[in-house]
Amino acid sequence: MDRLKIAIEQAKEYGLIGENIFDTDFSFDIHIKQGAGAFVCGEETSLMASIEGRPPEPRQRPPFPAESGLWGKPTNINNVETWATIPPIIDRGAQWFSSIGTEQSKGTKVFSLVGKINNTGLVEVPMGITLKEIVYDIGGGIPKNKKFKAVQTGGPSGGCIPASLMNLPVDYEKLTEAGSIMGSGGLIVMDEDTCVVDVSKYFIEFTNDESCGKCTSCREGSAVLLEVLQKICRGEGDDKDLEILEDFSETIKDASMCGLGQTLPNPVLSTLKYFMQEYIEHTKYKRCPALVCKEIISSACQHSCPISQDVPSYIGYLAQGKFEEAVKIVLKENPLPLICGRVCDTPCEQKCVAGEWDDPISIRALKRFLADYEMKHGVEPDQKPKPAKEEKIAIVGSGPAGLTCAYYLALEGYKVTIFESLPVAGGMLAIGIPEFRLPKNVLEYEINRIKKLGVEIKTDTTIGKDIPLEKLKEDYKAVFIAIGAHKGLKMRIPNEDAEGVLDAVEFLRDYNLGKEVELGDKVVVIGGGNSAIDAARVAKRLGKDTSILYRRTRVEMPAIESEIEEALEEGIDIQYLAAPIKVLSDNGKLKAIECIRMKLSDMDESGRRRPVPIEGSEFNVDVDSLVLAISQEPEVSLLIGENGLKVSSWSTLEVNPETLITNVDGVFAGGDVVSGPNTVTAAMSHGKIAAQMIDKFVNGQPLERKYEVTRPAARVEAVELSEEEVQSLKRPEMPAMPVDQRTASFKEVELGFGEAAAMTEAKRCLRCDLEVKQE
């Protein structure tokens with residue numbers, strides 16, 4: 001305001017405005033009318049009413065302002081941005097201005113680029129530029145390499161445009177077609193941590209407050225929208241609420257007099273259109289995928305854990321030194337804590353609130369401490385098996401899904417038998433993870449915990465070969481298939497069947513089973529997942545010169561970050577943006593691989609940069625053994641036979657995603673045989689669900705899941721700390737075997753926290769769960 005006043009005074013001093021400009025008969029002056037800041041004054045008739053000293057309310061048109069406007073006189077209304085374009089148009093000409101932009105939207109547009117973006121600020125861009133160019137070329141992309149989710153354009157009355165439309169040209173027509181507006185030029189970038197339901201609630205709250213109240217549709221309708229959105233964000237919504245949102249939004253849009261009411265529903269309608277699944281997550285499943293809606297998530301760690309591990313409670317007890325209470329909390333939702341404390345991929349830590357400005361809490365390491373404590377001292381869990389039932393349940397596969405399902409079914413009193421085709425129990429836990437990450441005695445202890453409940457495990461028994469699946473159906477009340485995904489995929493390049501080319505899963509399996517493994521002196525592993533890292537670290541310990549080729553960058557590597565770090569510390573060379581295109585052999589024996597350099601392409605509609613080959617960048621790598629670890633798929637051929645089990649194009653079993661029942665009555669499936677290669681905790685989650693559904697099936701109950709907001713089991717008070725103590729707390733390093741001793745040994749690398757370190761780290765937890773009032 002002050003700058004405008006100074007500019008006007010200077011213009012008067014130069015004679016550019018005022019009476020008789022430059023000694024002519026032409027007079028022109030500029031007056032500033034300061035308003036109260038009402039948002040509705042963005043509508044022209046409301047603005048005129050405000051200038052006239054009346055309440056800022058719109059009026060019907062005609063008459064239009066150009067005929068009868070301010071004080072009944074013809075009025076020309078334009079915003080400052082429009083006036084700012086006049087001087088360059090006069091200076092350079094209309095043809096120059098028309099050469100910029102699109103056919104219908106000429107010139108440039110100034111945007112306020114804010115939100116989850118590396119480069120924020122005001123940017124002037126030509127009309128027709130794509131959202132992708134604004135977000136990535138000008139804005140520099142999303143901080144911390146998070147996934148681009150959407151942009152909200154046009155201010156509070158604009159709509160949310162998803163990442164799938166990132167190639168959308170930005171002009172008035174295209175934005176309107178997409179369900180948004182150009183509006184005031186706001187452009188808010190959202191990443192994976194933005195909840196679109198919460199965003200809609202935020203903007204509706206603003207427009208509801210700014211509504212002048214003249215139109216019933218806008219005044220009352222926006223209040224209803226706000227009430228419903230608040231209800232959904234509390235986890236109290238249902239399917240009918242989604243219908244109310246859509247119906248009321250359309251009514252408000254059609255029945256409102258001015259632009260505020262007509263555009264007010266845009267945030268709701270656009271998010272319903274493009275992000276309906278996120279609304280369903282809130283209303284049906286009582287989940288907020290972005291971990292924003294506090295009354296749903298309680299704490300990000302528990303909400304993001306596939307098995308809903310009550311992290312806040314066990315960390316709270318641990319901070320107080322109450323180890324046994326903490327162990328019991330862990331065991332309530334997790335029958336495999338020793339395993340999870342070592343090999344979990346830590347989705348909880350990736351979403352830990354403390355990690356937003358400091359290091360995340362060492363949640364996995366704290367769980368391991370408690371599990372090790374239980375293993376050493378013995379802690380009796382609170383859950384006791386129910387009286388024995390007559391019904392027998394068969395489980396095919398003894399990996400994390402099968403073991404978890406068996407555990408919870410045994411607690412219900414069922415007679416459970418696990419059939420395992422391998423000579424040892426544990427599935428991929430036993431044959432896919434090296435002992436330096438998961439010691440055999442640890443795995444054996446976890447399995448014995450389940451066997452003590454009466455679960456029988458029959459190894460060396462392949463269902464479909466030794467026993468037909470139909471026979472299991474006859475002898476058991478229900479069957480749960482959890483055979484995992486043990487079949488390695490091929491690269492589909494020339495000569496990959498040459499001698500010396502190995503599959504990573506087969507290599508790890510043979511080594512873990514004590515079989516002789518033939519490796520040459522120079523080993524190259526292809527892939528970036530945990531199997532690739534594990535295979536490379538095993539080869540290194542066998543005294544081989546080992547390297548890894550990965551076609552993307554380290555940022556995209558799906559392996560656990562700590563495992564990548566340890567592999568690099570152990571001297572394993574990882575070459576990024578490189579991919580094999582041909583196996584070079586001599587008389588059928590591997591000699592080398594021909595590779596090509598890759599580069600990441602522009603961001604595609606999925607929000608990823610896909611690797612593409614760089615023409616002319618081919619190079620050869622001499623190699624004695626090539627280990628393929630690109631991915632796996634289930635081996636279901638022996639199972640399906642004539643029983644009619646449906647199999648997807650990915651060789652996975654098709655199931656009802658909520659109940660995990662297959663198309664065959666009484667046969668359920670879960671874990672990697674359904675999802676494809678996934679995490680240990682994801683498989684355990686399927687095991688828990690399957691146990692619940694099998695119990696319902698056996699008892700003749702409808703196969704329906706009840707979804708509730710996840711809450712901690714107890715309110716465990718936080719330990720009070722002084723300011724000095726808070727400042728001194730830092731995430732401790734995981735004690736580990738010295739690097740120079742690792743490669744000559746298969747002993748466990750990570751040694752675990754001691755009591756003092758564990759309690760200190762637990763005290764660093766922000767205890768987000770205590771922010772929500774528990775009923």
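The written sequence of each chain sets the order in which its residues are numbered from 1. Per-residue local features of the predicted model are confined to residues with pLDDT of at least 70, and side-chain atom pairs are confined, for both listing and counting, to 80 or more; whole-chain, interface and lining totals are unaffected and use all residues. The basis for every side-chain value is the complete set of non-hydrogen atoms in the structure, without hydrogens or water.

Draft legend 1. Molecular detail of the sheet that holds strand β9 (residues 478-481). DSSP calls a pair of strands paired once it identifies at least 2 bridges connecting them. The numbering of helices and of strands both runs from the N terminus, where a helix is a DSSP run of H or I of at least 4 residues and a strand a run of E of at least 2. Taken in spatial order, the five strands make up an open sheet running β8-β7-β6-β9-β21, and their pairing is parallel. Each edge of the open sheet carries a strand with a single partner, namely β8 (456-458) and β21 (667-669). Recorded for the sheet is a direction-independent mean angle of 20° between the axes of neighbouring strands. Pairing of strand β7 (residues 415-419) with β8 involves three bridges; the strand directions are parallel. Of the residues in β8, the one forming a bridge with I418 is I457. Note on contacts: a residue pair is in contact if any heavy atoms of the two residues lie within 4.5 Å. Between the N-to-C directions of two axes lies an angle of 0 to 180 degrees, each axis being a line fitted to C-alpha atoms and, for a helix, fitted only over the stretch in contact. On top of the sheet, helix α29 (residues 680-698) reaches β6 (392-396), β9 and β21; it is set at about 165° to β9, its chief contact.

Draft legend 2. Geometry of α29. Counted at 1.5 Å a residue, the expected span for α29 with its 19 residues is 27 Å, and the 27 Å between its end C-alpha atoms agrees. A positive backbone phi angle near 70° is found at G700, which sits one or two residues after α29. By definition here, a helix of n residues has an expected span of 1.5 Å times n minus one.

Draft legend 3. Inspection of the packing of aromatic side chains at higher detail. Any two of the Phe, Tyr and Trp rings considered here, Trp counted by its six-membered ring, make a pair once their centres fall within 6.5 Å; the pair's planes then place it as stacked at under 30 degrees, edge-to-face at over 60, or tilted in between. Under the defined criterion, the tally for this structure stands at 13 aromatic pairs. Pairing W96 with F97 gives two aromatic rings, centres 6.3 Å apart and planes at 55°, and the pair type is tilted. Given the relative accessible area of 18%, F97 is considered buried. The interplanar angle of 25° and the centroid separation of 4.8 Å between the aromatic rings of Y511 and F746 together place this pair among those described as stacked. Linking Y511 in helix α24 (residues 504-512) with F746 in the loop between α31 (739-742) and α32 (755-763), this pair joins segments that are 235 residues apart in sequence. Think of it in three bands: with a 1.4 Å probe and only protein chains considered, a residue is buried below 20% of the maximum accessible area for its type, exposed above 50%, and partly exposed in between. We classify Y511 as partly exposed; its relative accessible area is 24%. Members of the aromatic cluster, joined through ring pairs, are F323, F369 and Y373.

Draft legend 4. Structural context of the sheet that holds strand β14 (residues 573-576). Strands sit in the order β11-β19-β12-β13-β14 across an open sheet of five strands; the sheet is parallel. Looking at which strands have only one partner, the edges of the open sheet turn out to be β11 (501-503) and β14. Averaged over all neighbouring strand pairs, the angle between strand axes comes to 25°, with direction disregarded. Summarising the sheet, strand β13 (residues 545-550) and β14 pair through four bridges and their orientation is parallel. Looking across to β14, one finds that L549 is bridged to Q575. Running over the sheet, α24 touches β11 and β19 (625-628) and is turned about 75° from β11.

Draft legend 5. Fine view of the nonpolar core. The set of buried Ala, Val, Leu, Ile, Met, Phe, Trp, Tyr and Cys residues whose side-chain atoms join them within 4.5 Å is what this entry labels a nonpolar core. Core analysis: the biggest nonpolar cluster contains 70 residues, and L409, L472, F480, I481 and I694 have the highest contact counts within it. Beyond its immediate sequence surroundings of up to four residues, I481 is in contact with V396, L469, L639, L645, L653, V667, F668, A669, G670 and V673. Within the second largest apolar cluster, 35 residues are counted, among which are I204, I232, L242 and L264.

Draft legend 6. Just the state of the cysteines, in detail. Here, the term disulfide refers to a pair of cysteine sulfur atoms separated by no more than 2.5 Å. Scanning all chains against the criterion turns up zero disulfides. The thiol of C195 is unpaired, and the distance to the nearest cysteine sulfur, on C288, comes to 3.8 Å. Summary of cysteine pairing: C768 is not part of a disulfide, and the nearest cysteine sulfur, belonging to C765, is at 6.3 Å.

Draft legend 7. Spotlight on empty space enclosed by the protein. Here the term cavity refers to a set of points on a 1 Å grid, laid over the protein atoms alone, in which a 1.4 Å probe fits but cannot get out; the term pocket refers to an open set having protein on both sides within 12 Å along at least five of seven lines, with lining residues being those that place an atom within 4 Å of a point. Grid points are joined across faces, edges and corners, and a volume is the space filled by probe spheres set on the points. Evaluation of the coordinates by the stated rule reveals five cavities of 30 Å³ or more. Approximately 140 Å³ is the volume attributed to the largest cavity. Taken together, 17 residues make up the lining of the largest cavity; nearest its centre are C301, C352, C765, R767 and C768. For the lining of the largest cavity, the elements supplying multiple residues, two or more each, are α14 (300-304) and α15 (311-319). It is α15 that contributes the most residues to the lining of the largest cavity, three residues altogether. Amino acids outside the nonpolar list (Ala, Val, Leu, Ile, Met, Phe, Trp, Tyr, Cys, Pro) and the charged list (Asp, Glu, Lys, Arg) are all regarded as polar, and Gly is one of them. Among the residues forming the lining of the largest cavity, the class breakdown is 13 nonpolar, one polar and three charged.

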